[in-house]
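# Understanding the architecture of this molecule
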Amino acid sequence: MPFLGQDWRSPGWRWVKTEDGWKRCEPFSPALEDGNNQLKDISPTVIITGDDEKEVYSTEDCEFAAKKRKKDHFSSNTDSQCFYREKWIYVHKESTKERHGYCTLGEAFNRLDFSSAIQDIRRFNYVVKLLQLIAKSQLTSLSGAAQKNYFNILDKIVRKVMEDQYNPRLIKDLLQDLSSTLCILIRGVGKSVLVGNINIWICRLETILLWQQQLKNLQMNKQVNNGLTLMDLPLHMLNNILYRFSDGWDIITLGQVTPTLYMLSEDRQLWKKLCQYHFAEKQFCRHLIPSEKGHIDWKLMYFALQKYYPIKEQYGDTLHFCRHCSILFWKDTGHPCTASDPNTCLMPVSPQHFIDLFKF
């Protein structure tokens, strides 16, 4: 009996055929409650209920129909934003008696719910950073379906930034890296480094250039608010806000708002704390930059060190990996861990670590 569920110990998922394709039957879904009542007696056959008829398929027929439907879905011209919306997946790197094959980066990227994650402000920067790392080095390792899903999610991100005007600088960096990578890959098309027709990739590159132009012309809407504003706060509170920033460019951007914020953003102690947070003492001792008065220019030090060493990354929420169950999941989904103390086997996964999980 093939296992259709994510956990090899489970009896498998139940599936129903709808107009949009095969959908998993949730055990407690009110919308599929009637369908569950018809699926009580399952043997070597699977009952598929349609609108006007009832058909009985063998397990092999169901698998064949599902694969055909998936193939038709991928080759269709309809715009889909994601193919799966799973909250957690099992990461297996080798074949076992219960599982055959292994989990690839493209499969994990397809199955995890990144499409909904970008709607969460805590996860938005995490997903964008992951897409940027994939664009730099892992784009050709993705399958054709994963590459299509990649650009669908990227399109959704750009639309969100254009509508909400949230962190456009981060998206500009992503598109710049992606366009540079595609220019190199398109030149090497004779080496078969891209999946699909070359004209599709040229159209994608043109779309990226169009997005870059739209972000360049993006005008920030002026917020009309008659209530309390940022400048109504006392100086010590404004200073505390600046000290909580972990990105030097954010400090500079905020300092351009008013002369008072500019004065606070030029504080030497502020930039010293930022250097000490991101870099080790041995690192910034090698790149001391004195100012005209003989003091260390910590602001210039920060941007100089940023060219040589990676800075610490901060995210509101990240993916987590359970070392006991080998499950990759979003933290608030409550994965089915079988350890006696699940908290001892949880490990936060950075975007780079996510990619490294699938290097064999």
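Conventions and cut-offs
- Every chain is numbered independently, its residues counted from 1 as its sequence is written.
- This being a predicted model, a pLDDT of at least 70 is required before a residue's local features are given, and a value of 80 or more before pairs of side-chain atoms are given or counted; all residues contribute to the totals for chains, interfaces and linings.
- Working from all heavy atoms in the structure, the side-chain values ignore hydrogens and water.
- Each salt bridge in this description consists of a side-chain nitrogen of Lys or Arg and a carboxyl oxygen of Asp or Glu lying within 4 Å of one another.
- Helix numbering and strand numbering both begin at the N terminus, where a helix is a DSSP run of H or I of at least 4 residues and a strand a DSSP run of E of at least 2.
- For every residue, the accessible area obtained with a 1.4 Å probe (protein chains only) is divided by the maximum for its type, and the residue is called buried under 20%, exposed over 50%, and partly exposed between those limits.
- In this scheme Phe, Tyr and Trp rings, the latter by its six-membered ring, pair at centre separations within 6.5 Å, and the angle between planes marks the pair as stacked below 30 degrees, edge-to-face above 60, and tilted otherwise.
- Whether a charge sits over a ring depends on NZ of Lys or CZ of Arg being within 6 Å of the ring centre and within 35 degrees of the ring normal.
- For two strands to pair, DSSP has to find at least two bridges joining them.
- Think of each axis as a best-fit line through the C-alpha atoms, taken over the contacting stretch in the case of a helix, with angles from 0 to 180 degrees between the N-to-C directions.
- Roughly parallel means an angle under 35 degrees; roughly antiparallel means over 145; roughly perpendicular covers 65 to 115; every other angle is labelled oblique.
- Should the near helix be turned anticlockwise from the far one by less than a right angle, the crossing is left-handed, and should it be turned clockwise, the crossing is right-handed.
- It only takes one pair of heavy atoms within 4.5 Å for two residues to be counted as in contact.
- In the scheme used here, Gly and all other residues not listed as nonpolar or charged are polar, with Ala, Val, Leu, Ile, Met, Phe, Trp, Tyr, Cys and Pro taken as nonpolar and Asp, Glu, Lys and Arg as charged.

This paragraph deals with the pattern of salt bridges. The tally for this structure, following the rule as stated, stands at eleven salt bridges. Residue Asp164 pairs with Lys160 through a salt bridge whose shortest N-O separation is 3.0 Å. Of the two residues, Asp164 and Lys160 both sit in helix α6 (residues 144-164), four residues apart, roughly one turn of that helix. Using a relative accessible area of 46% as the deciding quantity, one classes Asp164 as partly exposed.

Okay, unusual backbone geometry next. Working note: non-glycine residues mostly have negative phi, and peptide bonds are mostly trans. Of note, Gln165 is a non-glycine position whose phi angle comes to about 55 degrees, a positive value. Along the chain, Gln165 turns up in the loop between α6 and α7 (168-187). One non-glycine residue with positive phi stands out, namely Asn167, at about 50 degrees. Note on placement: Asn167 falls in the loop between α6 and α7. Exposure remark for Asn167: the relative accessible area of 23% places this residue in the partly exposed category.

Another aspect to go through is the packing of aromatic side chains. Summed over the entire model, instances satisfying the criterion amount to 17 aromatic pairs. Between the aromatic rings of Phe124 and Tyr166, the centroid separation amounts to 5.2 Å while the plane-to-plane angle is 75 degrees, which identifies the pairing as edge-to-face. Residue Phe124 is found in helix α5 (residues 121-138), and its partner Tyr166 is found in the loop between α6 and α7; the two are separated by 42 residues along the sequence. Its end group placed over the ring of Trp201, Arg204 keeps NZ or CZ at 4.7 Å from the ring centre.

Here the focus is the sheet that holds strand β5 (residues 88-90). Taken in spatial order, the four strands line up as β5-β7-β6-β8 in an open sheet, and their pairing is antiparallel. The open sheet is flanked by β5 and β8 (346-349), the only strands paired with a single partner. Direction aside, the axes of adjacent strands within the sheet are offset by 25 degrees on average. The pairing of strand β6 (residues 319-322) with β8 spans four bridges and is classified as antiparallel. The residue bridging His320 from the neighbouring strand is Pro348, located in β8.

With that settled, consider the packing of helix α10 (residues 248-255) against helix α12 (residues 268-278). Where α10 contacts α12, the axes come no closer than 11 Å and their chain directions differ by 160 degrees. Between α10 and α12, the crossing angle belongs to the class labelled roughly antiparallel. Helix-helix and strand crossings are classified by hand; for α10 and α12 the assignment is right-handed. Along the contact surface, α10 presents Gly248, Ile251 and Ile252, while α12 presents Leu270, Trp271 and Leu274. When the residues that make up the contact of α10 with α12 are grouped by side-chain class, the tally is five nonpolar, one polar and no charged.

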